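In case you want the letters, here they are:
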Amino acid sequence: MGRSYTFTRNRLLALEVLLRTRGEGTRVFISRHPEWSEQFVKYKVMGGGPMTDEKASLLTMIVTEGYTDASSFGFTNTQELLHANFSGLVEKVYGNVNIGRNKLTSRVSSIAIAKDLSNLLPDKTFRDDVLDFILSSQSTLRNVLRIVTDTQGSLLVSIKRASKNFTVECRIVLASSNPAFSSQIGIMLSALRIGNNVTKYGVVIGKKSEISRFIGTVGFSQGVKVVRKKAGESLWFGCEKATLQRLFFRISKEQERARDSGFRGAFADCLTREQTLRRLKTWYAEVSGGGVI
């Protein structure tokens, strides 16, 4: 029994030495031929590549509703249109990579790409040189803000009580819980001469003239819908954000017309919230070219 134990132990020791020698040998070989290990890298990122409009747009999708970790990056949203945009940008920037899908998240497993992206987005904000690149081009700036608008933006058309009736107020909200990123949004809007207020909830554009300028300069993409509710409610859930833009202009036109005719406004005769909502829904249907919603 003693001899058998000694024999087995010697074999295990020999195997351990052999494995350690192979491991050491592999490390020495890689140190002399670093290109050999590249065959096992799934996606290659050569220094991250130059900053481009497409890469700035991809970074924006990640900083708004995406993520990066040590080995992957992705984008989470309920709208297929935005997932298709994300996939297209990934392919343009990094080539033909495998994009997985898990419920609401499009995900790419790549240590190299995740590292490249996270380096450009410290604390989920644009790195200074990335922001400088975005600000250097009006078209890039508009594209980036359009993505922020599509993912995190809302055109709020809400009903409020006035002294004798109900009326309507409009504002643009680019929601963000990240104060540093909200400040960057404010900087980008100011670069387009769009007045805005940075708040703890994000960036708000409240003046009628500034909303008009925002819509004319940036605006919402066709096909992007309202998917968020507040306290489980939303007047415009499922409606297209681009159509709400047209509703804003319709409201502005009707208000001006009513005041030019000597009335207090287009909603002066709306004594209840329900009356006001019916008028808004009718106008929405008319500007969308469809039936009453």
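1. Thoughts on the overall build of the protein chain
When you go through the protein chain residue by residue, the secondary structure sums to 10 helices and 8 strands. Counting every position in the protein chain, which comprises 293 residues, the buried fraction comes to 39%. For the protein chain, contacts bridging at least 24 residues in sequence account for 62% of all contacts bridging at least 6. Carbon and sulfur atoms provide 53% of the accessible area of the protein chain, an area that totals close to 16700 Å².

2. A word on helix 4 (residues 111-120)
Within the sequence span of helix 4, burial applies to I113, A114, D116, L117 and L120. Each buried residue of helix 4 lies within a common arc of 160° when the element is viewed along its axis, so the set occupies one face. Residues I111 and K115 are exposed on helix 4 and point more than 90 degrees away from its buried face. Buried positions along helix 4 lie against helix 2 (53-65), strand 1 (66-68), strand 2 (72-76), helix 3 (80-94) and helix 5 (128-135).

3. A closer look at the pattern of salt bridges
A side chain with one charge can pair with a side chain of the opposite charge if their charged atoms come near. Tallied over the full model, the rule gives 11 salt bridges. For the salt bridge of K55 with D116, the shortest nitrogen-to-oxygen distance reads 2.9 Å. One end of the pair, K55, is in helix 2; the other, D116, is in helix 4, with 61 residues separating them in the sequence. D116 shares its class with K55; the two are buried.

4. A closer look at the packing of helix 9 (residues 241-260) against helix 10 (residues 273-288)
Here helix 9 crosses helix 10 at 115°, and the two axes come no closer than 9 Å. For the pair helix 9 and helix 10, the crossing hand works out as right-handed. Across the interface between the two elements, T243, L244, R246, L247, R250, I251 and E254 from helix 9 touch L280, W283, Y284, E286, V287 and S288 from helix 10.

5. Focus: unusual backbone geometry
Phi is positive for K103, close to 55°, though the residue is something other than glycine. Of note, K103 is situated in the loop between strand 3 (100-102) and strand 4 (105-109). Overall, the relative accessible area of 74% leaves K103 in the exposed class.

6. A look at the sheet that holds strand 4
The strand order across the open sheet built from 4 strands is 1-2-4-3, with neighbouring strands paired in antiparallel fashion. Pairing within the sheet leaves two strands with one partner each, and these edge strands are strand 1 and strand 3. Adjacent strand axes in the sheet meet at a mean angle of 20°, parallel and antiparallel pairs treated alike. In the sheet, strand 3 pairs with strand 4 via 3 bridges, with the strands oriented antiparallel. If you follow N102 over to strand 4, its bridge partner there is T105. On top of the sheet, helix 2 reaches strand 1 and strand 2; it is set at about 95° to strand 1, its chief contact. Along the sheet, helix 4 contacts strand 1, strand 2 and strand 4; its crossing angle with strand 2, the most-contacted strand, is approximately 65°.

7. Remarks on the packing of aromatic side chains
Under the definition given, this model contains 6 aromatic pairs. A centroid spacing of 6.2 Å and a plane angle of 65° characterise the contact between F73 and F86, whose relative ring orientation is edge-to-face. Placement of F73 in strand 2 and of F86 in helix 3 is noted, with a sequence separation of 13 residues between them. By the ring-pair criterion, three or more aromatic residues cluster together here, those being F73, F75 and F86. K281 extends its terminal NZ or CZ atom over the ring of W236, reaching a point 4.5 Å from the ring centre.

8. Observations concerning helix 2
Its 13 residues give helix 2 an end-to-end C-alpha distance of 19 Å, which sits within 8% of 18 Å, the value for a rise of 1.5 Å per residue. Here helix 2 lies mainly inside the structure; 11 of its 13 residues are buried. Within helix 2 the residues assigned to the buried category are K55, A56, S57, L58, L59, T60, M61, I62, V63, T64 and E65.

9. Here's the deal with the pairing of strand 5 (residues 153-161)
In the sheet, strand 5 pairs with strand 6 (residues 166-175) via 9 bridges, with the strands oriented antiparallel. Bridging across to strand 6, I159 finds its partner in V168. Taking the residues between adjacent antiparallel strands as the criterion, strand 5 and strand 6 are bridged by 4 residues.

10. Some points on the environment of R259
Of note, R259 is situated in helix 9. Beyond its immediate sequence surroundings of up to four residues, R259 is in contact with R264 and G265. In this structure the side chain of R259 is engaged in a polar contact, spanning 3.4 Å, whose partner is the backbone oxygen of R264.

11. Regarding the confidence of the model for the protein chain
The predicted model of the protein chain averages 87 in pLDDT, with 81% of residues at 70 or higher. When the criterion is pLDDT under 50, residues 35-41 qualifies, and its contacts beyond four places in sequence or with other chains add up to 4 contacts.

About the thresholds
- Residues numbered from 1 in each chain as written.
- Predicted model: local features only at pLDDT ≥ 70, side-chain atom pairs only at ≥ 80, totals over all residues.
- Heavy atoms only, no water.
- Helix = DSSP H or I, 4+ residues; strand = E, 2+ residues; numbered from the N terminus.
- Buried < 20%, exposed > 50% of the residue type's maximum accessible area, 1.4 Å probe, protein only.
- Contact = heavy atoms within 4.5 Å.
- Areas by Shrake-Rupley, 256 points an atom, 1.4 Å probe, with all protein chains shown as cover.
- Arc of directions from axis to C-beta.
- Salt bridge = Lys/Arg side-chain N within 4 Å of Asp/Glu carboxyl O.
- Axes fitted to C-alpha atoms, helices over the stretch in contact; angles between N-to-C directions.
- Left-handed = near helix turned anticlockwise from the far one by under 90°.
- Pairing = 2+ DSSP bridges.
- Phe/Tyr/Trp six-rings, centres within 6.5 Å; stacked < 30°, edge-to-face > 60°.
- Lys NZ or Arg CZ within 6 Å of the ring centre and 35° of its normal.
- Expected span 1.5 Å × (residues − 1).
- Polar contact = N/O pair within 3.5 Å; in protein donor to acceptor, adjacent residues only side chain to side chain.
- pLDDT = per-residue confidence, 0-100.

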